[in-house]
Amino acid sequence: GSVELTTKKNGTPYQFSDVGAEGNLRGVTFFGDSQVKAVGRSVAFVDDLDNDGAHGLLIGAPGSTLPSGGAPGMGFYVPDHIVGTAASPISLCTIGFPFEEGTCESGPDELGGLQFFGHWGGALAGQVVAAGYVTGKGVTDLFFASDNYSSDNQNLEKTKGAGGVDIVPIPLGFDPDAARARFVLAPDGVPQWSPVPGDAIPDNLPNAKRLVGAQNELAGAYVLTADLNGANPGGQTLIISARTNQLMNGGMIYVFPSGSLEKAKTLANAPIRLLSTNQKTTMAAAAGNVAGKPNDGEELIVAHWAANALNNGAYILTNVAQMSALPQPLEIEETAALRFEGDETTDTAIERNYHIATMDDFDGDGLPELAIADTAAADGKGRIYLFTSTEIQANLKTGANQ
């Protein structure tokens with residue numbers, strides 16, 4: 001959505017405590033409690049499920065714990081009516097099916113919505129949340145990822161760090177405003193509801209699945225859906241990044257075009273794999289029509305960091321959905337249409353942490369702009385770089401790096 005930067009009449013900036021407060025900023029504040037922790041690590045809009053023209057929210061809380069112990073992590077689907085009408089602030093414990101009736105530290109125990117628990121006590125689910133339309137028509141897909149997921153359900157603690165993503169298709173047609181349920185992202189990948197009698201949620205979701213990475217791959221660092229197919233959409237593409245793949249000696253991007261998830265059993269089954277070579281860690285991914293060719297679909301932008309500070313930077317890849325599936329992954333450096341070079345001379349001792357986003361049109365050409373943040377630039381003070389689509393198109397034509 002859009003963001004308006006504003007200050008109070010006396011010139012002082014607004015604080016988070018002003019959101020939803022009487023006489024201050026409109027909106028609602030969600031907060032955690034002794035069990036719901038690390039609220040807001042990741043947040044995503046969910047497209048209109050009940051055809052009322054409004055979006056819901058998906059909120060990750062990966063530090064959430066159970067009364068019995070462990071930190072499975074949680075995600076929350078918040079229906080639009082709660083955002084628009086509920087009194088602020090709201091404890092996320094009250095969203096969906098409460099832990100136990102009356103145990104939430106603040107607010108009522110029945111506000112509607114859905115809860116999602118991680119599949120084991122150390123899953124930390126909800127580090128990354130996303131939503132889109134990947135698995136097929138008539139459903140909205142919710143994604144819950146963590147780089148601490150286990151690759152072996154029989155040895156959860158020993159094989160944590162593989163990382164992965166839970167894919168949860170929510171069928172259209174139920175009333176999310178009235179729904180109230182808890183969903184456990186089960187160890188064997190089979191979805192387990194804790195249904196509420198009389199609610200509109202089906203008691204099982206047979207098409208839900210979990211895709212995990214290889215051991216110590218730290219998959220699920222970024223998850224996004226994008227229209228990489230252009231004029232022949234057929235559904236969105238799912239993109240999942242892994243920080244490091246030991247077998248390939250570098251970070252990895254897994255690309256699942258629409259229709260390819262049904263047969264996939266692990267992330268390695270992705271039809272398209274993109275590799276950051278030479279011990280580079282894949283840090284971030286985003287998508288947007290920054291090249292100005294809407295019929296060709298959105299471009300994929302990825303960033304990586306290397307311990308030796310050489311060849312750091314971001315890359316724009318075009319026509320990703322049309323790339324051929326090969327036994328070996330494609331190298332990002334060789335496949336990219338344009339490269340944004342990082343600083344190779346300073347800050348070598350500071351671990352870089354890139355973030356990428358496409359933004360609304362700033363220069364009036366009707367196309368989005370690209371923002372790249374580097375937290376290690378300027379001796380650790382950080383810096384944000386903004387590139388217009390006009391600049392990107394000009395450099396794509398000449399082949400010049402930026």
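Within any chain, residue numbers begin from 1 and follow the written order of that chain's sequence. At least 70 in pLDDT is required for a residue's local features to be given in this predicted model, at least 80 for side-chain atom pairs to be given and counted, and no such filter applies to totals for whole chains, interfaces and linings, which use all residues. Only heavy atoms go into the side-chain values, all of them from the structure, while hydrogens and water stay out.

1. Re the pattern of salt bridges
Between side chains of opposite charge, pairing is possible as soon as their charged atoms come close. We count a salt bridge whenever a side-chain nitrogen from Lys or Arg sits within 4 Å of a carboxyl oxygen from Asp or Glu. Counted by the stated rule, this structure contains 1 salt bridge. The partner of Asp 166 in a salt bridge is Arg 210, with the nearest N and O atoms 3.1 Å apart. Highlighted residues: Asp 166 in strand β9 (residues 164–171) and Arg 210 in strand β12 (residues 209–212), separated in sequence by 44 residues. Considered together, Asp 166 and Arg 210 belong to a single accessibility category, that of buried residues. In DSSP terms, a helix is any run of H or I states spanning at least four residues, a strand is any run of E spanning at least two, and both are numbered starting from the N terminus. Buried residues are those whose accessible area, probed at 1.4 Å on protein chains only, stays under 20% of the maximum for their type, while exposed residues exceed 50% and partly exposed ones sit between those limits.

2. Considering the environment of Ile 372
Note on placement: Ile 372 falls in strand β23 (residues 369–374). Along the primary structure Ile 372 and Ile 301 are separated by 71 residues, whereas in three dimensions their C-alpha atoms are 9.9 Å apart.

3. A word on the sheet that holds strand β15 (residues 250–256)
Two strands qualify as a pair provided that DSSP identifies no fewer than 2 bridges between them. As summarised here, the arrangement of the 5 strands in space is β13-β14-β15-β16-β20, forming an open sheet in which the pairing is mixed. With partners counted over all chains shown, the strands left at the sheet margins are β13 (219–226) and β20 (330–331), one partner each. In this sheet, β20 lies alongside strand β16 (residues 272–275) in parallel orientation, the contact comprising 2 bridges. Among the inter-strand pairings, Leu 274 is bridged to a residue of β20, identified as Leu 330.

4. Comments concerning the sheet that holds strand β22 (residues 354–359)
Within a sheet, each strand pairs with its neighbour through backbone hydrogen bonds, oriented either parallel or antiparallel. Read across the open sheet, the 3 strands follow the order β22-β23-β24; overall the sheet is antiparallel. Sheet topology places β22 and β24 (383–387) at the edges, where each strand pairs with a single neighbour. Adjacent strand axes in the sheet meet at a mean angle of 20°, parallel and antiparallel pairs treated alike. Pairing between β23 and β24: 5 bridges, direction antiparallel. Paired with Ala 373 across the bridge in β24 is Ile 384. For helices, the fitted line uses only the C-alpha atoms of the stretch in contact; every axis is such a line through C-alpha atoms, and the angle between N-to-C directions lies from 0 to 180 degrees.

5. Quick word on the packing of aromatic side chains
Here the aromatic set is Phe, Tyr and Trp, taking the six-membered ring for Trp, and pairing holds for ring centres within 6.5 Å; pairs whose planes are under 30 degrees apart are stacked, those over 60 apart are edge-to-face, and all others are tilted. Taken as a whole and assessed by the stated rule, the structure comprises 2 aromatic pairs. Considering the side-chain rings of Phe 116 and Phe 144, the 4.5 Å spacing of their centres and the 35° angle between planes classify their relative orientation as tilted. Residue Phe 116 is located in strand β6 (residues 113–117), and its partner Phe 144 is located in strand β8 (residues 139–146); the two are separated by 28 residues in the primary sequence. With relative accessibility at 1%, the residue Phe 116 sits in the buried group. Between Phe 340 and Phe 387, the aromatic rings sit 4.5 Å apart at their centres with planes inclined by 55°, giving tilted as the arrangement. You can see Phe 340 sitting in strand β21 (residues 338–341) and its partner Phe 387 sitting in strand β24, a full 47 residues away along the chain. On the basis of relative accessibility, which here comes to 4%, the residue Phe 340 falls in the buried class.

6. Observations concerning a nonpolar patch on the surface
Residues forming no salt bridge and having over 30% relative accessible area are the ones grouped into patches, like charges within 9 Å of each other and nonpolar side chains (Val, Leu, Ile, Met, Phe, Trp, Tyr) within 5 Å. The Shrake-Rupley method, run with a 1.4 Å probe, gives the accessible areas here. Residue values count only the displayed protein chains as cover. Judged by side-chain polarity, Met 359, Phe 362 and Leu 386 come together as a nonpolar surface patch covering roughly 270 Å² of accessible area. Along the chain, Met 359 turns up in strand β22. For Met 359, a relative accessible area of 31% gives the class partly exposed.

7. Points about the nonpolar core
Nonpolar cores are built from buried Ala, Val, Leu, Ile, Met, Phe, Trp, Tyr and Cys residues. Side-chain atoms within 4.5 Å join them into one set. Formed by 36 residues in total, the largest nonpolar core has its most connected members in Ile 253, Leu 274, Phe 340 and Leu 370. The greatest single-element share of this core, amounting to 5 residues, is contributed by strand β18 (residues 299–306). Contacts between residues were defined by any pair of non-hydrogen atoms, one from each residue, lying within 4.5 Å. Those residues in contact with Leu 370 that lie beyond four places of it in its chain are Val 290, Ile 301, Ile 316, Phe 340, Ile 356, Ala 357, Thr 358, Tyr 385, Leu 386, Phe 387 and Ile 392. Listed in part, the 21 residues of the second largest apolar core include Ala 219, Leu 238, Leu 267 and Leu 275.

8. Some details on the side chain of Arg 210
The exposure class assigned to Arg 210 is buried, which follows from its relative accessible area of 12%. At 3.1 Å, the side chain of Arg 210 and the side chain of Asp 166 are in polar contact. Any pair of nitrogen or oxygen atoms within 3.5 Å is treated as a polar contact; in protein, a donor-acceptor pairing is required on top of that, and neighbouring residues in sequence qualify only through side-chain atoms on both sides.

9. Overview of the confidence of the model for the protein
Residue-level confidence of the predictor is summarised by pLDDT, bounded by 0 at the bottom and 100 at the top. Mean pLDDT over the protein stands at 76; residues scoring 70 or higher make up 70%. Mean pLDDT values over the elements of the protein span from 50, in strand β11 (residues 192–194), up to 92, in strand β7 (residues 128–132). Counting contacts from residues 193–200, a segment whose pLDDT is below 50, to residues more than four positions away or on other chains yields 19 contacts. With pLDDT under 50 throughout, residues 345–350 is counted as low confidence; its partners more than four residues away or in other chains account for 13 contacts.

10. What about the pairing of strand β2 (residues 43–46)?
Covered by surrounding structure in β2 are Ala 44 and Val 46 only, the residues Val 43 and Phe 45 on the alternate face being uncovered. When β2 meets strand β3 (residues 56–61), the two strands line up antiparallel, connected through 4 bridges. Residue pairing in the sheet places Ala 44 in a bridge with Leu 58 of β3.

11. Comments concerning unusual backbone geometry
Of note in the backbone geometry, Ala 38 takes a positive phi value of approximately 60° without being a glycine. The residue Ala 38 is located in the loop between β1 (30–31) and β2 in this model. Even without a glycine there, the phi angle at Asn 216 is positive, about 65°. Structurally, Asn 216 can be placed in the loop between β12 and β13.

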